[in-house]
Amino acid sequence: EQKQTINFGPGPAKLPQSVLLQAQKELVNYNGIGISVLEMSHRSSDFSKILSSTESLLRELLNIPDNYKVMFLQGGGSGQFSAVPLNLIGLKEDNCADYIVTGTWSERAAKEAAKYGKVNIVHPKLDKYTSKCQLDPEPVVLLTFYYGCNETVHGGGYNITRKQNGVVLVSDMSSNFLSRPVDVSKFGLIFAGAQKNVGCAGVTVVIVREDLLGHALNECPIVLDYKVQATNNSLYNTPPCFSIYIMGLVLEWIKNNGGTAAMEKLNKHKSSMIYDIINVSNGFYACPVDVACRSRMNVPFRVGKKEGDEALEKKFLDGALKRGMISLKGHRSVGGIRASLYNAVTLEDAQALATYMKEFLKEHQ
Ligand code: PMP
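Residues numbered from 1 in each chain as written. Predicted model: local features only at pLDDT ≥ 70, side-chain atom pairs only at ≥ 80, totals over all residues. Heavy atoms only, no water.

Counting 43 residues, the largest nonpolar core has Leu58, Phe177 and Ile207 as its most contacted members. Every element with two or more residues in this core is listed here: helix H1 (17-26), helix H2 (45-62), strand E2 (68-73), strand E9 (189-193), strand E10 (204-209) and helix H6 (241-256). Top contributing element to this core by residue count: H6, with ten residues. What isoleucine 207 contacts, discounting residues up to four positions off in sequence, is Leu62, Ile64, Tyr68, Lys69, Val70, Phe177, Val184, Gly188, Leu189 and Ile190. Judged by nonpolar contacts, the second largest core, of 29 residues, contains Phe301, Ala320, Tyr356 and Met357. (Core = buried A, V, L, I, M, F, W, Y, C linked by side-chain atoms within 4.5 Å. Buried < 20%, exposed > 50% of the residue type's maximum accessible area, 1.4 Å probe, protein only. Helix = DSSP H or I, 4+ residues; strand = E, 2+ residues; numbered from the N terminus. Contact = heavy atoms within 4.5 Å.)

Written out as structure tokens, the structure is:
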């Protein structure tokens, strides 16, 4: 009998079982039309239905206002690190933008933007990206205001949604997209790679306010030009068809499971199960991130002592593997353990990890 595998991977990550089964069922012959979505023209009426129903579902789940465009693009989150400045940095005459760097990914985003204009890091580099991001006093000269909403590597979750005149708030929600409700109207632009919370690799969602279209720099590659992609309904060139189809299935699953509010409740529950054990472990498990900004999606921790006992951490990972729990190793840049608890990770999955953590603690304390 095959042991059940529990996937705590940071992305590509676990998909809901029912989504995989439906994709399997429909793989060879989609909806009785005799071909696979993998073989379908992106300009066919069948794909057009997939694209429009995926967009409608997303609009419904996030309550996206009508003055926002939704695009399904290639190039990943990293592609957007370039696309965002290429499209928006020209909004201000002197091509400058303010970036809040909260971790590895926003650091990369800021570095990429510096190729196209002047980047002000408005928050000083956080202490190892583990402390609360306080914008105090609030910066007053912001134009493009960028931050990583959830930092996948370091485990920081930031909730900056204040509305200021003239500020175009841009947020990378790659690792917490649809994990909770979000007021889209507070943002100029939101982007998210699908491979963590909403599907498989290959498609990146971009939600952008209409008035921000049409400001791309001359050198902006046409496939990254928001105006071109939005005007062509993401069909300027071939979109990542199969990944969009999978996203549609995941969005349907989210809807059938109570939408973003239910996801938030579930994600709070799962993450607090793990943080609670860390908090009462007397330092045996140590999460380096400030309590005020701990992510519900990615829970990093060290085992044995504050900076981690690598031999014990290996033992922890080996033991987890024996119980079918995979991909718990921390990002190579920070080490330790990281449990990613995206939407598709069930309460039972998180419970299994919590139980194991308690037992391991008892045995090695
Ligand atoms: N932003 C965040 C928050 C991420 O976690 C990642 C990938 N882990 C990226 C951007 C980069 O995404 P991609 O690999 O799709 O370029």
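Before going further, it helps to spend a moment on the sheet that holds strand E12 (residues 298-303). Backbone-to-backbone hydrogen bonds join strands into a sheet, with any given pair of strands oriented parallel or antiparallel. Taken together, three strands build an open sheet; the order of strands is E11-E12-E14 and the sheet is antiparallel. The open sheet has two edge strands, strand E11 (285-286) and strand E14 (337-340), and neither has a second partner. Direction of pairing for E12 relative to E14: antiparallel, over a ladder of four bridges. By the bridge assignment for E14, asparagine 298 is matched with serine 340. Across the face of the sheet, helix H8 (residues 310-322) comes into contact with E11, E12 and E14 while running at roughly 125° to E12. (Pairing = 2+ DSSP bridges. Axes fitted to C-alpha atoms, helices over the stretch in contact; angles between N-to-C directions.)

Running from amino to carboxyl end, H6 crosses helix H7 (residues 259-279) at an angle of 80°, the nearest separation of the two axes being 7 Å. Taken together, the axis directions place H6 and H7 in an arrangement best described as roughly perpendicular. Here H6 contributes Trp253, Ile254 and Lys255 to the contact with H7, which in turn contributes Gly259, Thr260 and Met263. (Parallel < 35°, antiparallel > 145°, perpendicular 65-115°, else oblique.)

Enumeration over the complete set of coordinates arrives at eleven salt bridges. In this structure, the salt-bridge partner of arginine 323 is glutamate 359, at a minimum N-O distance of 2.5 Å. In this pair, arginine 323 sits in the loop between H8 and strand E13 (325-326) while glutamate 359 sits in helix H9 (residues 347-364), placing the two residues 36 residues apart along the sequence. Glutamate 359 gets classed as partly exposed once you look at its relative accessible area, which sits at 37%. (Salt bridge = Lys/Arg side-chain N within 4 Å of Asp/Glu carboxyl O.)

On to the confidence of the model for the chain. Confidence in the prediction for the chain averages 90 pLDDT; 90% of positions are at 70 or higher. Contacts from residues 136-145, a stretch scored under 50 in pLDDT, to residues over four places away or in other chains number 33 contacts. (pLDDT = per-residue confidence, 0-100.)

Right, let's talk about the packing of H2 against H6 for a bit. For any two helices packed against each other, the geometry is given by the interaxial angle and the distance between the axes. Running from N to C, H2 and H6 point in directions that differ by 40°, and their axes come no closer than 9 Å. Between H2 and H6, the angle is such that the two are oblique. Every pair of crossing elements has a handedness; the one defined by H2 and H6 is left-handed. On the side of H2, the interface is formed by Phe47, Ile50, Leu51, Thr54, Leu57, Leu58, Glu60 and Leu61, while H6 contributes Cys241, Ile244, Tyr245, Met247, Gly248, Leu251, Glu252, Ile254 and Lys255. Class assignment of the residues belonging to the contact of H2 with H6 gives a composition of twelve nonpolar, two polar and three charged. (Left-handed = near helix turned anticlockwise from the far one by under 90°. Nonpolar A, V, L, I, M, F, W, Y, C, P; charged D, E, K, R; others polar.)

Take the pairing of E10 next. Buried residues dominate E10, accounting for six of its six residues. Here E10 shows a buried face lined by Thr204, Val206 and Val208 and a second buried face lined by Val205, Ile207 and Arg209. Pairing of E9 with E10, which is carried by five bridges, proceeds in the antiparallel orientation. The residue bridging alanine 192 from the neighbouring strand is valine 205, located in E10.

On to the environment of lysine 329. Of note, lysine 329 is situated in the loop between E13 and E14. Note on lysine 329: relative accessible area 59%, which makes it exposed. Along the chain, lysine 329 and leucine 317 lie twelve residues apart, while their C-alpha atoms are 7.1 Å from each other. When residues no more than four places from it in sequence are discounted, the contact partners of lysine 329 are Leu317, Gly336 and Arg338.

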